[in-house]
Amino acid sequence: MELRGGANREQAFAVASSGAACAADAAEDLVVCGGAARSAEEVLALRLCALTGEFYRANAESFSQTRQSSWQGWVRLLEVMGLAGEKKPLCVLDLACGNLRFERYLAGALPNRMLSGYAVDNCDPLVEAGERNESDALSRMSFQNLDAIERLSAGCLREALEAPDASCDLAVSFGFMHHVPLERWRAGLLRALVAKVRPGGFVAVSFWRFLNSDKLARKAEETTSRARAELGIPELPSNDYLLGWQDTQGLYRYCHHFDEPEIERLLAMVADSADLVSRFEADGKTGNLNEYVVLRVK
């Protein structure tokens with residue numbers, strides 16, 4: 001997988017290597033910038049995102065090792081979108097690609113289709129962990145190192161993505177929406193994905209619903225309470241939590257549990273540009289820890 005624009009890997013990764021930490025610094029700067037000041041809500045959101053960025057950089061290797069197999073819901077996604085029955089090239093945008101396991105899944109599930117497109121993330125250690133398993137099938141995927149949260153907070157994610165508007169057959173974001181605080185930022189993410197897909201193409205997004213698991217719900221309550229005490233974080237909005245990883249001390253990631261009304265509101269915000277094709281639950285032992293949404297761009 002190559003970097004676009006001719007830059008070498010080290011230079012490109014250096015541009016956003018401190019993405020989440022920079023977001024935290026930016027939050028502090030904006031508080032004291034007079035007319036440019038942001039609300040306390042936005043400052044807290046940026047701080048939570050900074051914690052998440054540090055979490056993934058610190059735990060990239062161990063996290064990637066537990067994120068190798070494909071998701072159960074992906075099989076149904078391909079059925080819903082009818083992608084397996086075609087042979088023409090498939091251009092994909094994967095926002096928050098992580099260790100590239102969705103790309104590896106597509107390469108295996110669609111052996112007769114040439115894959116190309118854009119894999120976007122700002123956690124280079126996580127991407128590098130996935131590239132160790134890189135195959136020839138992924139050689140036409142370009143990696144863009146981009147802090148999506150930073151661009152969402154600035155209102156310019158669509159413009160920052162290298163994929164041209166209406167150029168992709170499929171745009172996805174899995175395991176990321178729950179790391180995006182503030183409903184308007186989540187709506188901005190969904191709108192940006194829709195903008196990058198050609199008419200008739202698809203957008204697929206997952207919404208983590210971890211409170212559906214009693215075990216995960218208890219852990220979320222416990223770790224959030226501990227993290228707030230350790231870090232001096234104020235009370236979080238409804239359905240917002242801080243989760244840890246393998247009992248590692250002092251490292252937490254922000255996660256949001258999505259309820260049905262929230263998902264409905266987000267879908268309404270893109271209803272003018274995309275039609276709902278399918279909604280279904282999948283993943284986890286109970287088969288209901290993710291809710292998938294599939295949209296067809298108008």
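Residues numbered from 1 in each chain as written. Predicted model: local features only at pLDDT ≥ 70, side-chain atom pairs only at ≥ 80, totals over all residues. Heavy atoms only, no water.

Undergrad: Would you mind going over the pattern of salt bridges with me for this structure?
TA: If the charged atoms of two oppositely charged side chains come close together, the side chains can form a pair. Inspection of the entire model under this criterion finds 17 salt bridges. The salt bridge involving R209 is made with E291; its shortest N-O contact spans 3.1 Å. Pair noted here: R209 is in the loop between β6 (197-208) and α10 (214-231) and E291 is in strand β10 (residues 290-297), with a separation of 82 residues, a long-range link. We note that R209, like E291, is buried. Here E264 ties to R279 by a salt bridge, and the two come within 2.7 Å at their closest N and O atoms. With E264 in helix α11 (residues 260-269) and R279 in strand β9 (residues 274-282), the pair connects residues that are 15 residues apart, well separated along the chain. For E264, a relative accessible area of 43% puts it in the partly exposed group. Each of R209, E260, E264, R279, E281 and E291 takes part in one network of salt bridges that share partners. (Salt bridge = Lys/Arg side-chain N within 4 Å of Asp/Glu carboxyl O. Helix = DSSP H or I, 4+ residues; strand = E, 2+ residues; numbered from the N terminus. Buried < 20%, exposed > 50% of the residue type's maximum accessible area, 1.4 Å probe, protein only.)

Undergrad: Explain the packing of helix α4 (residues 72-81) against helix α5 (residues 101-109) here, please?
TA: In helix packing, the relevant descriptors are the interaxial angle and the interaxial distance, both defined with respect to the helix axes. Contact pair α4 / α5: the axes reach a minimum separation of 12 Å and the direction vectors enclose 55 degrees. Judged by the inter-axis angle, α4 sits oblique to α5. Between α4 and α5 the crossing geometry is right-handed. Seen from α4, the contacting residues are W74, V75 and L78; seen from α5, they are R101, F102, Y105, L106 and A109. (Axes fitted to C-alpha atoms, helices over the stretch in contact; angles between N-to-C directions. Parallel < 35°, antiparallel > 145°, perpendicular 65-115°, else oblique. Left-handed = near helix turned anticlockwise from the far one by under 90°. Contact = heavy atoms within 4.5 Å.)

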